[in-house]
Amino acid sequence: MSGFSEWLADVKDVRAPEALAVGLPTKRVESWKYVPIRGLARTTWQPASPQTTEQFALTGGQFVNVPKVDGCVVSENTVTASEQKRLDRMSQAHGFGLTQAALENTRLVLTIQKTASVVLNLHHLANQASSAGFATLVLRVEAGGQLTLVEQFESTDIESANLSSLRCLVALSRDSSVTHVRFQAANATAHVFSNLDVECSENASYRLQTIEFGSKLARNDIYIALVGREASASVNGLAITSGTQYHDTHLAIDHVVGETNSEMTFRNMVDGKGEATFNGRVLICKDSQRSATEQSIANLLLSESARVNPKPELEIYADDVTASHGCTVGSLNKTELFYLKSRGLSEADARAFLQYAFAEKIVEEIEHRDIRELVETQLLGELKHGELIVELKESVDV
Amino acid sequence: MLSIRNLHARVIEKPVLKGINLEIGTGEIHAIMGPNGSGKSTLASVLAGRDDYEVTDGEVIYMGQNLLDLEPEERAWAGMFLSFQYPVEIPGVKNIYLLKAAVNAIREHRGLPELKASEFLKLVREKLKVMQMDEAFLHRNVNEGFSGGEKKRNEILQMQLLEPTLALLDETDSGLDVDALRVVGEGINQMRSPERSVLLVTHYQRLLDIVKPDFVHVLAHGEIKLSGDHTLAEKLEREGYEGIEAA
Ligand SMILES: Nc1ncnc2c1ncn2[C@@H]1O[C@H](COP(=O)(O)OP(=O)(O)O)[C@@H](O)[C@H]1O
Ligand SMILES: [Mg+2]
């Protein structure tokens, strides 16, 4: 036996038998068709244990040092019926969901109070080799509340497969807003699972910026429902995939009512034998008149063996809708390379410039200066021949 | 400085240059005129090393080297500069990054020390002034959202910074209003020197009124049909290309 079977056989959770019976998702399931799950199956997983830290962190499936800040209260550890419904939908929605639910270690429920403005910095610490942590975070943002949630991943080297999974429910009450920045630079053997389920009420706005360089395998399932008038969602994402990494984002936005707005911009940059999957689906329901959606997906392939699987989907059932979409796949632009080289840049520097430019279009959107600079620094560290740009930024940026 | 012998080139199987012969001496300014589609940009691009064009015959000797063996960046290191007819927009790369990287790359190959940030800024401000460009252009993305005229000024700004030995200027005057034309023209004149040669591709006489060429050549159907001094440009302005094309 391997994978999660032994662990599942051990836990008392009512969903464990079903999770055990279902097993790991297979490539026969459409949404898992590209996911290389061999690494998951080969490891005999054990519960991770939390490490000591002073930061607000998720470690070994537990939240530690939950900050005590004005306007943010730790609520009782029970979820409402509708939240439970959303969690159940998550566990049913994809092949790994039951295992995530059955092995869940902790659940944290935070309420951002009316008109409060709160910043949370959540650090994901690396779990030890062959160990996994499963957690759930429920965020309730009351009317007019503002939350900035920044997630960062520790990149300490771990010798073999390790896993962390976070399921996150976000409920935005009317007039509230959430800015969610996710910067995944986890260790090279990490398996990172993130399930996000967001619900936006009237005039609420949710903005996600997700940047992914790290991990061996990452799978993001993001679902956003715009259920109140004037609600809006925007997702900006960048995945940089190299070596033998696999990055996968499945993003779905439902416009349930009218006068709602969504925007998704996603960029994949793939090198080496890396593979990236992006599935972006927007659904505009029959009653969602006068809604607007913009979708833009760009894929940059840097090597012969790099692979991308982009899939944009737009389903529109209302007639008065503004929708635009675009999806491109290509390598570095030859004319741009020629222009740079004709100015004396070496081939390597010219390539680094253009790769940086491709990524920067997403990174420059991050409003939080500290995070943006951190991401930029790491981005340049990731790039082959990024040194020239590092030096330029240091010398001529004002 | 540059010796083009029997140069033939094609693009996507279509022959465009059909035996170009041209000698450019050190310190000379040569103008190439000719109707649309005659191969002017193709000639400039082949000289700069763009690989959309295939050289099928002939050779080009640049300062004793076989130019066609060099990569585009090696040509730049050897002192060649092309001002593009359609300057390329590079979203996400700040103009100042490109300028500083280019200046230092070329200095390195000339055996000069790298310019420090403050030295570079001083130099670039000087050149911006010459080109009557605002400093804000430094922090915008390369050519992105620049008007046609701003792009051309930016090209000449780069030429001023890189101080090439041989400048190829492809229709740097097109799309410019009278004032911009004067700025660009003066920017080119300022670079005139006994050590520097210029190949000026243009459609119109008006740039040649500011930048007086030593020689004028007419390119039609991929061949140089006629060569002369600057009075040839005036004649073309009056009479058009018809007679020459038929020849
Ligand atoms: N990249 C290209 N693809 C296809 N045809 C081209 C390309 N570049 C040039 N040509 C063709 O080659 C001929 C010469 O073009 P060009 O050198 O741009 O002329 P000019 O600069 O004199 O107007 C034209 O017929 C043009 O259509
Ligand atoms: Mg042309």
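Above this text is the structure in question.
Reading the values: rules and limits
- Residues numbered from 1 in each chain as written.
- Chains lettered and ligands numbered in written order.
- Predicted model: local features only at pLDDT ≥ 70, side-chain atom pairs only at ≥ 80, totals over all residues.
- Heavy atoms only, no water.
- Contact = heavy atoms within 4.5 Å.
- Buried area = accessible area lost by both parts, 1.4 Å probe.
- Salt bridge = Lys/Arg side-chain N within 4 Å of Asp/Glu carboxyl O.
- Polar contact = N/O pair within 3.5 Å; in protein donor to acceptor, adjacent residues only side chain to side chain.
- Helix = DSSP H or I, 4+ residues; strand = E, 2+ residues; numbered from the N terminus.
- Near = heavy atom within 4 Å.
- Areas by Shrake-Rupley, 256 points an atom, 1.4 Å probe, with all protein chains shown as cover.
- Nonpolar A, V, L, I, M, F, W, Y, C, P; charged D, E, K, R; others polar.
- Core = buried A, V, L, I, M, F, W, Y, C linked by side-chain atoms within 4.5 Å.
- Buried < 20%, exposed > 50% of the residue type's maximum accessible area, 1.4 Å probe, protein only.
- Domains from an automatic or database assignment.
- Donors = N, O, S within 2.8 Å, 3.2 Å for Na, K, Ca; no water.

Colleague: Help me out: how do you make sense of the interface of chain A and chain B in this one?
Modeller: Accessible area lost when the parts come together is the quantity often used to give the size of an interface. Contact with chain A, which involves 28 residues of that partner, is made by 41 residues of chain B. Overall, the association of chain A and chain B removes approximately 2,700 Å² of surface from exposure, summing both partners, and the carbon and sulfur fraction of that is 67%. Broken down residue by residue, the surface that chain A buries against chain B is led by Phe338, Tyr339 and Arg343 of chain A, which jointly contribute 30%. In this structure, the connection of chain A to chain B is made through 5 salt bridges. Between lysine 334 of chain A and aspartate 52 of chain B there is a salt bridge; the shortest N-O distance is 3.5 Å. At the boundary of chain A and chain B, one finds 10 residue pairs in polar contact (both at pLDDT 80 or more). Of all the elements in the fold, those that place two or more residues in the side of chain A that touches chain B are α6 (334-342), α7 (347-363) and α9 (387-396) of chain A. When residues in the side of chain A that touches chain B are grouped by element, the largest group, 8 residues, is from α6 of chain A.

Colleague: I tried to follow the site of ligand 1 on my own but got confused; where do I start?
Modeller: Residue and element names in this part refer to chain B. Neighbouring residues of ligand 1: 13 residues in total, closest Lys14, Gly37, Lys40, Ser41 and Thr42. One nitrogen or oxygen atom from the side chain of lysine 14 is found 2.6 Å from an oxygen atom belonging to ligand 1. At a separation of 2.5 Å, an oxygen atom of ligand 1 approaches a polar side-chain atom of threonine 42. In isolation ligand 1 has 560 Å² of accessible area, and contact with the protein removes 66% of it. Contributing elements (two or more residues each) for the shell around ligand 1: β2 (14-24) and α1 (40-48). Looking at which element gives the most residues to the shell around ligand 1, the answer is α1, with 3 residues. Of the residues contributing to the shell around ligand 1, the split by class is 5 nonpolar, 6 polar and 2 charged.

Colleague: Quick question: what am I supposed to make of the nonpolar core here?
Modeller: Side chains of nonpolar character tend, in soluble globular proteins, to be buried together. In this structure, Ile211 and Phe353 of chain A together with Ile4, Leu47, Tyr97 and Leu200 of chain B are the most contacted members of the largest nonpolar core, which totals 121 residues. At 10 residues, the largest contribution of residues to this core is made by α7 of chain A. Looking at this core, you find at least three residues from each of domain 1 (5-334) and domain 2 (335-398) of chain A. Those residues in contact with isoleucine 4 of chain B that lie beyond four places of it in its chain are Ile20, Asn21, Leu22, Leu43, Leu47, Glu59 and Val60 of chain B. Ala116, Leu122, Leu137 and Val198 of chain A belong to the second-largest nonpolar core, a separate cluster that totals 44 residues.

Colleague: I keep staring at the coordination of the magnesium ion (ligand 2) and nothing clicks. Help me out?
Modeller: Tetrahedral coordination by four donors puts the ideal angle at the metal at 109.5 degrees, and octahedral coordination by six puts it at 90 or 180 degrees. Residues and elements named next belong to chain B. For the magnesium ion (ligand 2), the full set of protein donor atoms is Ser41 (OG) and Gln85 (OE1), at a range of 2.0 to 2.2 Å. Of the two residues, serine 41 sits in helix α1 while glutamine 85 sits in the loop between β6 (80-83) and β7 (90-94), which places them 44 residues apart along the sequence. Classification of serine 41 by relative accessible area gives partly exposed; the value is 22%. Judged by its relative accessible area of 17%, glutamine 85 falls in the buried class.

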